[in-house]
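A structural walkthrough
Given next are the chains, with one letter for each unit.
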Amino acid sequence: MSTKNNWNVPYSSIVWFGNVMRAHTKIIHVEREQDILFTIKVNEDGNYKVLLLDEYRMGAAAVFKAIEEFGNIDFIVYGGNWNAATGEAYKVAKENGLALFNYSGFMGALNFKNPKEYKQSAKEKSTTKPQEGA
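Residues numbered from 1 in each chain as written. Predicted model: local features only at pLDDT ≥ 70, side-chain atom pairs only at ≥ 80, totals over all residues. Heavy atoms only, no water.

Some words on the overall build of the chain
Each helix and strand counted, the chain has 5 helices and 7 strands in total. Reading the chain from its N terminus to its C terminus gives the helix and strand order α-β-β-β-β-α-β-β-α-β-α-α. Residues classed as buried in the chain amount to 46% of the 134 residues present. Long-range pairs, those at least 24 residues apart, make up 58% of the contacts in the chain between residues at least 6 apart in sequence. (Helix = DSSP H or I, 4+ residues; strand = E, 2+ residues; numbered from the N terminus. Buried < 20%, exposed > 50% of the residue type's maximum accessible area, 1.4 Å probe, protein only. Contact = heavy atoms within 4.5 Å.)

A word on the nonpolar core
Judged by nonpolar contacts, the single largest core of 41 residues is most densely connected at Ile 40, Met 58, Leu 100 and Phe 106. For this core, the element with the highest residue contribution is helix α2 (residues 60-70), accounting for 5 residues. Residues contacting Leu 100, with those up to four places away along its chain left out, are Met 58, Val 63, Ile 76, Tyr 78, Ala 85, Ala 89, Tyr 90 and Ala 93. (Core = buried A, V, L, I, M, F, W, Y, C linked by side-chain atoms within 4.5 Å.)

Looking at the side chain of His 24
Mapped onto the elements of the fold, His 24 is located in the loop between α1 (11-23) and β1 (27-33). Residues within four places of His 24 in sequence aside, it is in contact with Met 107, Leu 110 and Asn 111.

Here we look at the side chain of Thr 39
One can find Thr 39 in strand β2 (residues 37-42). A residue is classified by how much of its surface remains accessible, and Thr 39, at 12% relative accessible area, is buried. Separated by 2.6 Å, the side chains of Thr 39 and Glu 33 make a polar contact. Here the side chain of Thr 39 touches Lys 49 through a polar contact of 2.9 Å, side chain to side chain. (Polar contact = N/O pair within 3.5 Å; in protein donor to acceptor, adjacent residues only side chain to side chain.)

Structure, rendered in structure tokens:
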């Protein structure tokens, strides 16, 4: 597995995400690994592996690449409210036992007993219309 951030996620985003995770009321510990991979311990459900990306349009190919590079992960957080994921990306993620969220969706999901089952509203997912693509 690579230990470098070859996904072009800005350091400012990594630091911001880590700080926001540490401030979330459901998280009791955050550890940053491999630059953009975080392990978070939540109050009730144990540990989750969270991959932080900055994908304007998260596609199925990026999901496959993330799984290949980072192995067993629970969540991919693909960016802010202006970022979006394709229907195919959500399908591939679900088939591989992980969930995709933008920042606000992930923060909301952490408030639920099973955050992988949280359904992010269309308004939270993106301010743009859903589009298909890579």
